[in-house]
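Architecture and fold: a report
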There are 2 protein chains.
Amino acid sequence: MAPNVKSDGRTTRWDRHRAERREEFVLAAVRTIDTLGPDASVADIAAEAGVSKPVLYRYFADKGELHAAVGAWAADLVLARVLSAVLAPATARDRVTAGVAAYLDTLAEHPQAFLLLSRPTSGQDPLGPGKDQIAAKLTRLLGDALRHLGGDAGAAEPWAHAVVGLGTSVGQWWLERHTVSRAAAARYLSDFIWHALSGAAAESGVDLSGLDAGDGDVTPIRSEKHR
Amino acid sequence: MAPNVKSDGRTTRWDRHRAERREEFVLAAVRTIDTLGPDASVADIAAEAGVSKPVLYRYFADKGELHAAVGAWAADLVLARVLSAVLAPATARDRVTAGVAAYLDTLAEHPQAFLLLSRPTSGQDPLGPGKDQIAAKLTRLLGDALRHLGGDAGAAEPWAHAVVGLGTSVGQWWLERHTVSRAAAARYLSDFIWHALSGAAAESGVDLSGLDAGDGDVTPIRSEKHR
DNA sequence: TCTTAATGTTACCAGCGGTAATAGTTAGAT
DNA sequence: ATCTAACTATTACCGCTGGTAACATTAAGA
């Protein structure tokens, strides 16, 4: 039988190189889209990366996969920043407020690339992969919190999608219109999210202030590094 | 000076005919997109309409305008149904619940065409026109209600965008996954929206149950026909 | 009589996403 | 030493899509 292809050094010696190079191309795509918008052509992105088009197609099956990679990049960035704010010790409400602030700041850095968070890669998959990624992580966080407090964890997934959907919608409105200050937008958004989650949870007998970290308790929302 | 073009009977005699024909083409587009998805080509839509492509370009400047017309059609349909539910005499909360149910039912009729509610016509305009249309009307409703009850009407616009964003996100998730029943999805969604609005309003001193119609009061949320 | 807008099509074009073909180098496996 | 796997890069090419030009006739208003 043929040897295991994956342990062949002629193949594996390129793994790290490929991953690093792919990341360079994603960053080039982010820069291009930040400049030209999400309709930037593959040729535009290739030019920014300093290669010809067929080189990009060695790393991405098609434009959809390239867009999905940009969306995933944006999701990773958002998650890192929002989670670091949400997981810092504070009252549950202050965590929501800090997460919202981190989200709006991150959005303002790459407004165009963030459109790909919620943009479908094609009509076949209506949920943008980046948005889906964020919703999946939020589902886990909310699910853990609700189970810890004795609530219905089945609500976690729809609520997570609600939070992600409203966040992208209000974020885009704010970027487009700038009719309110960043502080006001952050307040409107965090008030809405806090009351939605705490009120809906309280109705099923769950008190979200059980997640407060003010009194030194270890909360169920742990750093993801420990999972 | 040249006569006012708009009062020339040779031009105006076609106005109604043009409007009716345009509507036929929008409906053909809705059918095509419901069948083939939002990536359906202009040629596909023209074939469904029984005309050649250049005929469609007499009514729509480009594909973006055709998509926007589909989004506007979807928004009109949603608004008609949701508003008729929301404006019926009931408690404020029951109105929210009825509006959500109407929304989900409408969504299930034309799942693919509804994707164009939230899909940008191009990278230049990140807000889909259909979604924007719904948010604008919701902004008016919420603004009227908040002013009537003595609250901060400035919150109406971001909250309206939040409601529309979460509605489309959870609606799409539900259509794609169907992991929960329609009744459960409706309950999660309406709980979330109700608590978000009532809780955030209460924090600024506004009691949304002042909008209840149970005791025969005339509410500020009047039928749009009377405006 | 002239003008305006309608009716419809085929043929055509530029640009985009994506692919085939070309040739040489480096390092691991046999 | 030889073979293999993946790398380096480009130009030329293709099908498809969105969009447009050109053509000819009819009905109604000015």
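The rules we used
- Residues numbered from 1 in each chain as written.
- Chains lettered and ligands numbered in written order.
- Predicted model: local features only at pLDDT ≥ 70, side-chain atom pairs only at ≥ 80, totals over all residues.
- Heavy atoms only, no water.
- Helix = DSSP H or I, 4+ residues; strand = E, 2+ residues; numbered from the N terminus.
- Buried < 20%, exposed > 50% of the residue type's maximum accessible area, 1.4 Å probe, protein only.
- Contact = heavy atoms within 4.5 Å.
- Areas by Shrake-Rupley, 256 points an atom, 1.4 Å probe, with all protein chains shown as cover.
- Phe/Tyr/Trp six-rings, centres within 6.5 Å; stacked < 30°, edge-to-face > 60°.
- Lys NZ or Arg CZ within 6 Å of the ring centre and 35° of its normal.
- Expected span 1.5 Å × (residues − 1).
- Polar contact = N/O pair within 3.5 Å; in protein donor to acceptor, adjacent residues only side chain to side chain.
- UniProt positions renumbered as here; feature names shortened; annotations may be inferred.
- Near = heavy atom within 4 Å.

1. What to know about the overall build of chain A
- In terms of helices and strands, chain A carries nine helices and zero strands.
- Taken from the N to the C terminus, the helices and strands of chain A come in the order α-α-α-α-α-α-α-α-α.
- The buried share of chain A, taken over its 227 residues, is 48%.
- Long-range contacts, defined here as pairs at least 24 residues apart, represent 66% of the contacts in chain A between residues at least 6 apart.
- Total accessible area on chain A is roughly 10600 Å²; 53% of this is exposed by carbon and sulfur atoms.

2. As for the packing of aromatic side chains
- Taken as a whole and judged by the stated rule, the model has two aromatic pairs over all chains.
- Across the ring face of Tyr188 of chain A, the terminal group of Arg187 of chain A is positioned such that the distance to the ring centre comes to 5.0 Å.
- Above the face of the Tyr59 of chain B ring, Arg18 of chain B is positioned so that its terminal group lies 4.8 Å from the ring centre.

3. Let's talk about helix α5 (residues 63-86) of chain A
- In this model, α5 of chain A (24 residues) spans 34 Å end to end at C-alpha, consistent with the 34 Å of a helix rising 1.5 Å per residue.
- Among the residues of α5 of chain A, the N-terminal cap falls to Asp62 of chain A, whose side-chain oxygen and the backbone nitrogen of Gly64 of chain A are separated by 3.1 Å.

4. Regarding the UniProt feature "DNA-binding region" (unreviewed entry) in chain A
- The UniProt entry lists residues 41-60 of chain A under the feature "DNA-binding region" (unreviewed entry), expressed in the numbering used here.
- A helix fraction of 75% and a strand fraction of 0% characterise residues 41-60 of chain A, whose end C-alpha atoms lie 14 Å from each other.

5. A closer look at the protein's contact with DNA strand D
- Close to DNA strand D lie 23 residues; Arg18, Ser52 and Arg58 of chain A together with Arg13 and Lys63 of chain B are nearest.
- Considering DNA strand D, the proportion of its atoms within 4 Å of the protein that are sugar or phosphate atoms stands at 63%.
- Taking Arg13 of chain B, its side chain carries an N or O atom lying 3.1 Å from a sugar or linking oxygen of DNA strand D.
- Within the residue set of the surface near DNA strand D, elements represented by two or more residues are α1 (9-12), α2 (15-36) and α4 (53-59) of chain A together with α1 (9-12) and α4 (53-56) of chain B.
- At four residues, the largest contribution of residues to the surface near DNA strand D is made by α4 of chain A.

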